[in-house]
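Here is how the chains run, residue by residue.
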Amino acid sequence: MNYKRVIAALFVVSALAVAALFVGCKSSSPQETVQTITNVEVSQLDKLLEANPNMQIVDVRTKAEYDAGFISGAILIDVTQNYFLERALKVLDPKKPVLVYCRSGGRSLRAAKMLSAKNFTIYNLNGGYTAYVAYKKG
C-alpha cells in the first residue's frame, strides 16, 4: 500500500515538474524578438539611404577611428565600451532603421546582433568604413 502512495506521489511530482518546464519555456516576448540583420554592400548604400531618409547611422568604432573619418550623419557609439547597449537604447529610436558599421565588419556585426535582440531593424555595412572609403574613391 505504501508503494502505491509513493508511486502516486512521484507521478504527481513528475507531472508538476513537466508543467513547470513548459511554463518556463514560453515564447519570447516582443522585447526579446530578434529582427533580421540585413547585410548591405557599399555599392547599395546610397540607394538604401535614399529609400530610408530616417535611417540612423551608427559608427561603432573607437573615438580615435571616428575622428579619423566617418560616414556623413553617423553618430559614434563604441561597441567595445560596456555602456554600448545602454547608450544605444537612449539615443536610437527603435521605430527607425539603423545602419551600423565599423572598420571592416566584425564589430558592427556584434553591435547588430545586440541591437537586433532589442527589436531594432538593422542594416550592417559589409566591409565597414574601409570598404566605404575605397568605394567612394572609385
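Before reading on, note that the structure itself is shown above.
The text that follows walks through the structure, step by step, so that each part is easy to find. (Residues numbered from 1 in each chain as written. Predicted model: local features only at pLDDT ≥ 70, side-chain atom pairs only at ≥ 80, totals over all residues. Heavy atoms only, no water.)

What helix 2 (residues 42-51) keeps buried is the set Val42, Leu45 and Leu48. All buried residues of helix 2 project into a common sector of 75 degrees when viewed along the axis, lining one side. Pointing more than 90 degrees away from the buried face of helix 2 are the exposed residues Lys47, Glu50 and Ala51. Buried residues belonging to helix 2 abut strand 1 (37-40), strand 4 (98-101), strand 5 (122-125) and helix 6 (128-137). (Buried < 20%, exposed > 50% of the residue type's maximum accessible area, 1.4 Å probe, protein only. Helix = DSSP H or I, 4+ residues; strand = E, 2+ residues; numbered from the N terminus. Arc of directions from axis to C-beta. Contact = heavy atoms within 4.5 Å.)

Moving on, we come to the nonpolar core. In terms of nonpolar packing, the biggest core is built from 15 residues, with Val60, Phe84, Leu92, Val98, Val100 and Leu115 touching the most fellow members. Those elements that place two or more of their residues in this core are helix 4 (84-91), strand 4 and helix 5 (106-117). Of all the elements, helix 5 adds the most residues to this core, at three residues. If we skip the residues at most four places from it in the chain, Leu92 touches Gln56, Val58, Ile75, Ile77, Val98, Leu115 and Phe120. (Core = buried A, V, L, I, M, F, W, Y, C linked by side-chain atoms within 4.5 Å.)

This part is about the environment of Gln56. Note that Gln56 resides in strand 2 (residues 56-59). Given the relative accessible area of 13%, Gln56 is considered buried. Sequence-wise, Gln56 and Pro97 are 41 residues apart; in three dimensions their C-alpha atoms are separated by 6.2 Å. Sequence-distant contacts of Gln56, that is, excluding residues within four places in its chain, are made with Val91, Leu92, Asp93, Lys96, Pro97, Val98 and Leu99. Side-chain polar atoms of Gln56 contact the backbone oxygen of Lys96, separated by 3.0 Å. (Polar contact = N/O pair within 3.5 Å; in protein donor to acceptor, adjacent residues only side chain to side chain.)

Turning our attention to the side chain of Ser108. The topology assignment puts Ser108 in helix 5. Ser108 gets classed as buried once you look at its relative accessible area, which sits at 0%. Reaching out from Ser108, the side chain makes a polar contact with the backbone oxygen of Gly105 at a distance of 3.2 Å. Excluding its chain neighbours within four sequence positions, the residues that come into contact with Ser108 are Val60, Val100, Tyr101, Cys102, Asn124 and Leu125.

Let us look at the sheet that holds strand 5. Overall, parallel pairing links the five strands, which are arranged 1-5-4-2-3 in an open sheet. Each of the sheet's edge strands pairs with one partner strand only, and the pair in question is strand 1 and strand 3 (75-76). Set on the sheet, helix 2 makes contact with strand 1, strand 2, strand 4 and strand 5; between it and strand 1 the angle comes to about 115 degrees. (Pairing = 2+ DSSP bridges. Axes fitted to C-alpha atoms, helices over the stretch in contact; angles between N-to-C directions.)

The next point concerns the packing of aromatic side chains. Two aromatic rings are characterised by how far apart their centres lie and by the angle between their planes. Throughout the structure, instances matching the rule amount to three aromatic pairs. Each ring, one from Tyr66 and one from Phe70, has its centre 4.3 Å from the other, and the planes form 10 degrees; the classification is stacked. A residue is classified by how much of its surface remains accessible, and Phe70, at 39% relative accessible area, is partly exposed. Taken together, the ring pairs connect Tyr101, Tyr129 and Tyr132 into an aromatic cluster. A cation sits over an aromatic face here: Arg61 above Tyr129, 4.5 Å from the ring centre. (Phe/Tyr/Trp six-rings, centres within 6.5 Å; stacked < 30°, edge-to-face > 60°. Lys NZ or Arg CZ within 6 Å of the ring centre and 35° of its normal.)

Moving on, we get to helix 5. End to end, helix 5 covers 17 Å across twelve residues, agreeing with the expected 16 Å (1.5 Å per residue, within 8%). If you check which residues of helix 5 are buried, you get Arg107, Ser108, Ala111, Ala112, Leu115 and Ser116. Seen along its axis, helix 5 keeps its buried residues to an arc of 165 degrees; they face one direction. Projecting away from the buried face of helix 5 at angles above 90 degrees are the exposed residues Gly106 and Lys113. The secondary structure elements touched by the buried residues of helix 5 are strand 1, helix 3 (63-67), helix 4, strand 4 and strand 5. (Expected span 1.5 Å × (residues − 1).)

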